Amino acid sequence: MLNRLEIMMLPPGSRWAAQLRLWIDGEDVVAEPVGEGGRGPFAEEALPADGRSPLWATAEGRRVVLGEPECTGGCCGHLSVFVQRHGDIVEWSDWQVPGGGTRPPAFHFEAGQYDAEVARASADRSWHVATG
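Please read all numbers here as calculations on a predicted model, not as lab measurements. (Residues numbered from 1 in each chain as written. Predicted model: local features only at pLDDT ≥ 70, side-chain atom pairs only at ≥ 80, totals over all residues. Heavy atoms only, no water.)

Caption draft 1: Highlighting the overall build of the protein. Of the regular secondary structure elements, the protein holds four helices and seven strands. When the elements of the protein are put in sequence order from the N terminus, they spell out β-β-β-α-α-β-α-β-β-β-α. Counting across all 132 residues of the protein, residues that qualify as buried make up 42%. In the protein, 44% of the contacts between residues at least 6 apart in sequence involve partners at least 24 apart. Accessible surface, the protein: about 7,000 Å² in total, of which carbon and sulfur atoms supply 53%. (Helix = DSSP H or I, 4+ residues; strand = E, 2+ residues; numbered from the N terminus. Buried < 20%, exposed > 50% of the residue type's maximum accessible area, 1.4 Å probe, protein only. Contact = heavy atoms within 4.5 Å. Areas by Shrake-Rupley, 256 points an atom, 1.4 Å probe, with all protein chains shown as cover.)

Caption draft 2: Expanded view of the sheet that holds strand E1 (residues 5–10). Ordered by their spatial adjacency, three strands build an open sheet running E1-E2-E3, and the pairing between neighbours is antiparallel. Edge positions in the sheet fall to E1 and strand E3 (27–28), since each has one partner strand and no second. (Pairing = 2+ DSSP bridges.)

Caption draft 3: Summary view of the nonpolar core. One finds Leu 55, Leu 66, Trp 92, Trp 95 and Tyr 114 to be the most contacted residues of the largest nonpolar core, which totals 29 residues. Contributions of two or more residues to this core are made by E1, strand E2 (19–24), helix H2 (43–46), strand E4 (62–67), strand E5 (79–86), strand E6 (89–96), strand E7 (107–110) and helix H4 (111–123). A total of four residues in this core trace back to one element, the largest contributor, which is H4. If we skip the residues at most four places from it in the chain, Leu 66 touches Leu 22, Val 30, Arg 39, Gly 40, Pro 41, Leu 55, Leu 79, Ser 80, Val 81, Trp 92 and Trp 95. (Core = buried A, V, L, I, M, F, W, Y, C linked by side-chain atoms within 4.5 Å.)

Caption draft 4: The arrangement of the side chain of Gln 84 in detail. Relative to the helices and strands, Gln 84 resides in strand E5. Note on Gln 84: relative accessible area 18%, which makes it buried. One polar contact links the side chain of Gln 84 to the main-chain carbonyl oxygen of Ala 59, over a distance of 2.7 Å. (Polar contact = N/O pair within 3.5 Å; in protein donor to acceptor, adjacent residues only side chain to side chain.)

Caption draft 5: Looking closely at the pairing of E7. Judged by which residues are buried, E7 turns out to be one-sided: Phe 107 and Phe 109 face inward and are buried, whereas His 108 and Glu 110, on the alternate face, are not. Examined bridge by bridge, E6 and E7 share four bridges and lie antiparallel to one another. For Glu 91, the partnering residue across the bridge sits in E7 and is His 108.

See below:
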């Protein structure tokens, strides 16, 4: 059975810039590993205006930082995953979890659904606030 990715935006707050929450099969995969007060990936870094999102899956694969605990990633480590495309499947595997917490399992997405969700989230620039 393949998994389903949903990307949700959290608006900027008093402490953090706009950030993402990543839901897989209806479960937030960021909240538990980063803990209360932690954060997901900043929207501007994960979905940059130039379209070069680290979430795009390639055959080479890459490690993608998905968040950090309140104490910062420099202290306890970042939440990250290795994202790689295998033909029509996108795989998230080899999780690194702050503070040695429980690692999520590997997830496998149908590439068309995955690409459509990343494109949808990338096109939604409503969280972006122009400065200057």
